[in-house]
Amino acid sequence: MIRNDQLVKTLKTEEGNYAEEMALEEYGGPTEEQSATVFLQTHGLLPKEANCAKCGAPCRFQEKSQHFRCDKQINGRRCNYKRTMRKGTFLSNCAKDDSEFLAFLSMYLSKDFNSDQVVQELRWTDNTVTQWAVWCGEVCEQYVKTQPKIGGPDTVVEIDEICLCQRKQKRGKIVHEFWVVVGKERDSNKRFVANLDGNPRTAANLSGIITKYILPGGVVITDSHPSYSTLGSHGYTHHIIDQQNVVRTQSIERIWGELKKGYVVRRGRAPNHMPLHICRYIFIAAFKAEDERLHRFLRNAAAMHPSPPC
């Protein structure tokens, strides 16, 4: 859960610039609704002010009803325009209060997220948890899509294919196979996970994924699968794993374990939601600190659903 202290952080972006210094007023629990609302307004997820859609005058915010209302007098009569502060935002379809949403979000962004825990602690229905997990997964997916390529000169990138399979009763026959290609820079936390979408592991498919996610000029380490034999023609220095463990891919093996130990593969998860769970894994891995992870998620959600001008 989110800590109950006050902290001011200056968060550094990927380009080396500094985001604005923000007072992240943390909340202590679901009862502190006003603090949760201010927290979401500070991150841009909820608007701080609004103008009337009829006359353009500034609206007054009513804390009790969470509405913006226009009090301007027009020909002796009050305009009386009002709208909810959530209209057109990421929370427009949320029937829960702000503190409850933040409590869910803190659990969703944790490594051991479990929908059963949300149902038990927040008293949400299974359908509500699933729907909000999908919406939050779309925010993580948008973050993954906007990330720059990894690799390049003087870097080593490890590559491997992983089958995230689901078995009946965890030990019976395989009921679904989901193949992905994983890549990670050896000396940094940069990584990617690409879905093969049921395509065969041919040279054209694998080289297309690698050129999409990895800059040329560096070293790429793979296994001895023949589909990787054409990487040298794409500007990479290709090394193959050897039996003496001189050329290895231990970083990929660790990711393989993380993906299969609850991040993605878990009983009851729909196969069509697998890409969203993978994007959630990449997002969590990119930000180790929970405070920064929450900040980045809210900023990305606000960018996807900007508050309406009026």
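The present account deals with the structure reproduced in this document.

Parameters at a glance
Residues numbered from 1 in each chain as written. Predicted model: local features only at pLDDT ≥ 70, side-chain atom pairs only at ≥ 80, totals over all residues. Heavy atoms only, no water. Buried < 20%, exposed > 50% of the residue type's maximum accessible area, 1.4 Å probe, protein only. Helix = DSSP H or I, 4+ residues; strand = E, 2+ residues; numbered from the N terminus. Pairing = 2+ DSSP bridges. Phe/Tyr/Trp six-rings, centres within 6.5 Å; stacked < 30°, edge-to-face > 60°. Axes fitted to C-alpha atoms, helices over the stretch in contact; angles between N-to-C directions.

## Looking at the pairing of strand β12 (residues 179–185)
Part 1: In terms of burial, β12 is a largely internal element, six of the seven residues being buried.
Part 2: Judged from the seven bridges that link them, strand β9 (residues 156–163) and β12 form a sheet pairing that is antiparallel. In the strand pairing of β12, C163 is matched with W179.
Part 3: In the sheet, β12 pairs with strand β13 (residues 191–195) via five bridges, with the strands oriented antiparallel. Residue pairing in the sheet places V182 in a bridge with V193 of β13.

## So, the pairing of β9
Part 1: In terms of burial, β9 is largely enclosed, as six of its eight residues are buried.
Part 2: As paired strands, β9 and strand β15 (residues 219–222) are joined by three bridges and run parallel to one another. Its bridge partner being in β15, E158 is matched across the sheet by I221.

## Points about the side chain of Q41
Part 1: The residue Q41 is located in helix α1 (residues 33–42) in this model.
Part 2: For Q41, a relative accessible area of 15% gives the class buried.

## Some remarks on the packing of aromatic side chains
Part 1: Per the stated rule, a full pass over the model turns up 15 aromatic pairs.
Part 2: Residues F104 and F113 carry aromatic rings whose centres are separated by 6.3 Å and whose planes lie at 85° to one another, so their mutual orientation is edge-to-face.
Part 3: Accessibility expressed as a relative area gives 0% for F104, which makes it buried.
Part 4: Among the residues examined, F113 registers a relative accessible area of 5% and is labelled buried.
Part 5: Ring-pair connections join several aromatic residues into one group, and the members of that group are F104, Y108, F113, W124, Y143, F283, F287 and F297.

## Section: the sheet that holds strand β4 (residues 67–69)
Part 1: Strand order in the open sheet formed by three strands is β3-β4-β7, and the pairing between neighbours is antiparallel. Strands at the two margins of the open sheet, each flanked by one partner only, are β3 (60–62) and β7 (82–84). The average angle at which neighbouring strand axes cross in this sheet is 25°, direction not considered.
Part 2: As defined by bridge partners, β3 adjoins β4 across three bridges and the pair is classed as antiparallel. Bridging from a neighbouring strand, F61 pairs with F68 of β4.

Bear in mind that shape data such as this cannot, by itself, settle questions of function.
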